[in-house]
Amino acid sequence: MSMQNTSRAEQPTRRRPRCELPADPAAIVIFGASGDLTRRKLLPALYELAAADCLAPRFAIVGFARSRMTDDEFRKQCEEALRTHGEPAGFDVGTWQSFGNSLSYLVGDYDAPEAYQRLKERLDALDREHQLGGHRLFYLATPPQTYPVIVEQLGRANLARPKDETSWTRIVVEKPFGRDLPSARALNQQLLRVFDEGQVYRIDHYLGKETVQNLLVFRFANGIFEPLWNRNYVDHVQITAAESIGVERRAAFYETAGALRDMMQNHLLQLVALVAMEPPAKFDALAVRNEKIKVLQSIRPFEPADVAKQVVRGQYGPGTVNGTNVAGYREERGVRPDSTTETFVAARLWIDNWRWADVPFYLRTGKRLARQVTQIAVQFRRAPHIVFRNRKLDPNWLVLNLQPDEGISLAFGAKLPGPELQIQTVPMDFRYSTTFGEVGASAYATLLNDCLRGDATLFDRADSVEAAWALLDPVLQDWAEAPAPEFPNYAAGSWGPPAAEELLARDGRYWRNP
Ligand code: NDP
Ligand code: BG6
């Protein structure tokens, strides 16, 4: 059964979303412009915005890094990146010509005051030449240990304050935002010594995904589900962010992080907040973020004695993913052979408020799992009285599939055709690709566009980053003190360690493996 029988769904379109009004003209400075994030995500996202008429006709992108490169070499690197990673916008020679002309590059050490003087002179010159209105966006795409020094130098060079009363200056800070509560607090303090909170955009790319935003639309633009969205009707919620890839080339970073810091502290807890929050009074940054922080603050803290019962960690061993034999984590390049870094984590959370009292939220994320899927699955309570005796009835599930196969599916029981009464679970499906065509904005394009327009709704606030760390710090402490687990404890290509199954089995539940 399908909800797709509308005229729109019968004629799927392949379109690229466009902006009705371009953003302000601005200079965008990318620190770490020689790096992976710039190449794979930021330049393609900016290009995507240019192709969709979302950038102002006048804009300038300045790459800043230590690697020696001329403007032309930087343009060449950018062109290659767009040709390789430029989906979904594709590569268009005409758009590239004007985009390429907006690019320039500055070589400098992140801690060298003279480099920031040169940056200031370059920005002033670009302002005069292209009438950029003095608007400036700084993007920290460097390893996190360099954030404090860049922020400090921007302050010293008088680049942190808006140039005049009609211009704006903003700074985007990449994850990881700290590695525990004290370091996140220290980073917030460093940032807020130089910038105001309203200038700071802490990015979590999950919040830029179309389907994550659609979660808000689904909940707050439709009347039918909201009355059911509470402890009276919901049995429990499962959030899965499973990756089939391994640690790839990021072992140096991952060895210092692990799945809890890399995925759960940010992406998964953000999803919990969006699923569980109260309807905001308005759809703006203040109202939405005020509601999200209340959820994070309502999650029951982990007691040290309880961590082992509520949180499961795992690490993949060798196995088979999509028919290919793959190495275990400890055999990956750059990983210590006795590493105790977790590549999987599952947890049970309780949200102690009126809406969600006694409704468990089960979260899991991991690398080298059976398949790549990110989904939120809500299981509803069973009918209070079953009149169909001796018939096996599955529970009703509402599944929001965030990636891949973006869509929403509702499972319910239907009578099988025939003389006997037999019940089968059937899905009611909405698929983005069938209804809207395949081309959506990438998460980074959405978030950069919001940032250029001064809309911080989908960015993290200082208090919410700290609330997430406050929740997980006891887990990190317990893991640091507890004896090292028997790793590896799951095979690549499986759904994680047996203990993750037991976490739900103890509650009489099971993971809904897609
Ligand atoms: P890279 O390791 O590629 O570093 C970016 C640039 O920073 C490098 O090209 C280098 O430029 C400079 N750099 C590297 N190491 C150091 C160092 N020790 N001290 C000073 N400068 C250094 O990082 P990514 O591009 O992968 O990531 C950038 C930021 O974005 C990080 O904070 C990362 O956690 C975050 N991030 C990255 C994602 C990704 O997919 N790559 C995803 C999500 C977040 P140069 O030597 O030329 O100055
Ligand atoms: C990043 C993590 O934030 O998110 C990566 O650092 C992870 O380890 C990635 O692979 C997953 O993002 P996505 O958009 O592919 O689900």
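What counts, and where the lines are drawn
- Residues numbered from 1 in each chain as written.
- Chains lettered and ligands numbered in written order.
- Predicted model: local features only at pLDDT ≥ 70, side-chain atom pairs only at ≥ 80, totals over all residues.
- Heavy atoms only, no water.
- Near = heavy atom within 4 Å.
- Polar contact = N/O pair within 3.5 Å; in protein donor to acceptor, adjacent residues only side chain to side chain.
- Areas by Shrake-Rupley, 256 points an atom, 1.4 Å probe, with all protein chains shown as cover.
- Nonpolar A, V, L, I, M, F, W, Y, C, P; charged D, E, K, R; others polar.
- Disulfide = S-S within 2.5 Å.
- Helix = DSSP H or I, 4+ residues; strand = E, 2+ residues; numbered from the N terminus.
- Buried < 20%, exposed > 50% of the residue type's maximum accessible area, 1.4 Å probe, protein only.
- Contact = heavy atoms within 4.5 Å.
- Patch = residues over 30% accessible without salt bridge, like charges linked within 9 Å, V, L, I, M, F, W, Y side chains within 5 Å.
- Salt bridge = Lys/Arg side-chain N within 4 Å of Asp/Glu carboxyl O.
- Pairing = 2+ DSSP bridges.
- Axes fitted to C-alpha atoms, helices over the stretch in contact; angles between N-to-C directions.
- Phe/Tyr/Trp six-rings, centres within 6.5 Å; stacked < 30°, edge-to-face > 60°.
- 1 Å grid on protein atoms, 1.4 Å probe; cavity = no way out; pocket = protein on both sides within 12 Å on 5 of 7 lines; lining within 4 Å.
- Points joined across faces, edges and corners; volume = space filled by probe spheres on them.

Caption draft 1: Examining the site of ligand 2 more closely. Around ligand 2 sit Lys175, His205, Tyr206, Lys209, Glu243, Arg250, Asp262, Met263, His267, Lys367 and Gln403, and those are all the residues in its vicinity. At 2.7 Å from an oxygen atom of ligand 2 is found a side-chain nitrogen or oxygen belonging to His267. Gln403 places a side-chain nitrogen or oxygen 2.6 Å from an oxygen atom of ligand 2. Bound to the protein, ligand 2 loses 79% of the 400 Å² it would expose on its own. Of the residues assigned to the shell around ligand 2, the class counts are two nonpolar, three polar and six charged.

Caption draft 2: Structural detail: the state of the cysteines. In the structure shown here, the tally under the stated rule is one disulfide. A sulfur-sulfur separation of 2.0 Å characterises the disulfide bridge that pairs Cys19 with Cys54. On the sign convention where negative is left-handed, the bridge of Cys19 and Cys54, at about 85° about the S-S bond, is right-handed. Placement of Cys19 in the loop between helix 1 (7-10) and strand 1 (26-31) and of Cys54 in the loop between helix 2 (36-51) and strand 2 (59-65) is noted, with a sequence separation of 35 residues between them. With respect to class, Cys19 is no different from Cys54; both count as buried. Cys54 supplies the cysteine sulfur nearest to Cys78, a cysteine that is in no disulfide, at a spacing of 17 Å. Considering cysteine sulfurs only, Cys19 is the nearest to Cys451, which forms no disulfide, with 14 Å between them.

Caption draft 3: Structural view of the environment of Glu210. The residue Glu210 is located in helix 8 (residues 210-220) in this model. Residue classification places Glu210 among the partly exposed residues on the basis of a relative accessible area of 35%. Sequence separation between Glu210 and Gly440 is 230 residues; the distance between their C-alpha atoms is 7.3 Å. The residues contacting Glu210, other than those within four sequence positions of it, are Tyr432, Gly440 and Ala441.

Caption draft 4: Main features of a nonpolar patch on the surface. Taken together, the side chains of Ile386, Val387, Phe388 and Leu421 present a nonpolar region at the surface, about 320 Å² in accessible area. Inspection of the secondary structure puts Leu421 in the loop between strand 16 (407-415) and strand 17 (423-431). The exposure class assigned to Leu421 is partly exposed, which follows from its relative accessible area of 33%.

Caption draft 5: Local environment of the sheet that holds strand 5 (residues 169-173). Read from one edge of the open sheet, six strands run 3-2-1-4-5-6, paired in parallel fashion. The open sheet terminates on both sides in strands that have one partner only, identified here as strand 3 (103-107) and strand 6 (200-202). Taking each pair of neighbouring strands and ignoring which way they run, the sheet shows an average axis angle of 20°. Sheet topology places strand 1 next to strand 2; six bridges connect them, and they run parallel. If you follow Phe31 over to strand 2, its bridge partner there is Phe64.

Caption draft 6: View of the packing of aromatic side chains. In the structure shown here, the tally under the stated rule is 23 aromatic pairs. On the basis of an interplanar angle of 70° and a centroid distance of 6.2 Å, the ring pair of Tyr362 and Trp511 is categorised as edge-to-face. A residue pair is termed long-range when its members are at least 10 positions apart, and Tyr362 in strand 13 (residues 360-366) and Trp511 in the segment after helix 16 (498-505) qualify at 149 residues. Given a relative accessible area of 4%, Trp511 falls into the buried group. Their ring planes at 55° and their centres at 5.6 Å tell us that Tyr432 and Phe436 sit as a pair that is tilted.

Caption draft 7: A look at unusual backbone geometry. Here the amide bond leading from Lys175 into Pro176 is cis, since omega sits at 0°, within 30 degrees of zero. Secondary-structure assignment places Pro176 in the loop between strand 5 and helix 7 (181-194). Following Phe487, the chain continues to Pro488 via a peptide bond in cis, the omega torsion being -5°. Look at Asn158: it is not a glycine, yet its phi comes out positive at around 60°. Since its relative accessible area comes to 52%, Asn158 is described here as exposed.

Caption draft 8: Structural view of the sheet that holds strand 17. Strand order across the open sheet formed by eight strands is 8-12-13-7-14-15-16-17, with mixed pairing between neighbours. Every interior strand has two partners, whereas the edge strands, strand 8 (311-314) and strand 17, have only one. Along the sheet, successive strands turn relative to each other by an average axial angle of 15°, direction set aside. Against the sheet, helix 8 makes contact with strand 14 (373-380), strand 15 (397-403), strand 16 and strand 17, and its axis sits at roughly 145° relative to strand 15, the strand it touches most.

Caption draft 9: Inspection of empty space enclosed by the protein at higher detail. Inspection of the entire model under this criterion finds three cavities of 30 Å³ or more. Estimated volume of the largest cavity: approximately 110 Å³. Forming the walls of the largest cavity are 15 residues, and the residues nearest its centre are Phe177, Gln265, Asn266, Asp460 and Val465. Per-element accounting of the lining of the largest cavity gives the leading share, four residues, to helix 10 (residues 259-276). Here the residues of the lining of the largest cavity sort into six nonpolar, four polar and five charged.

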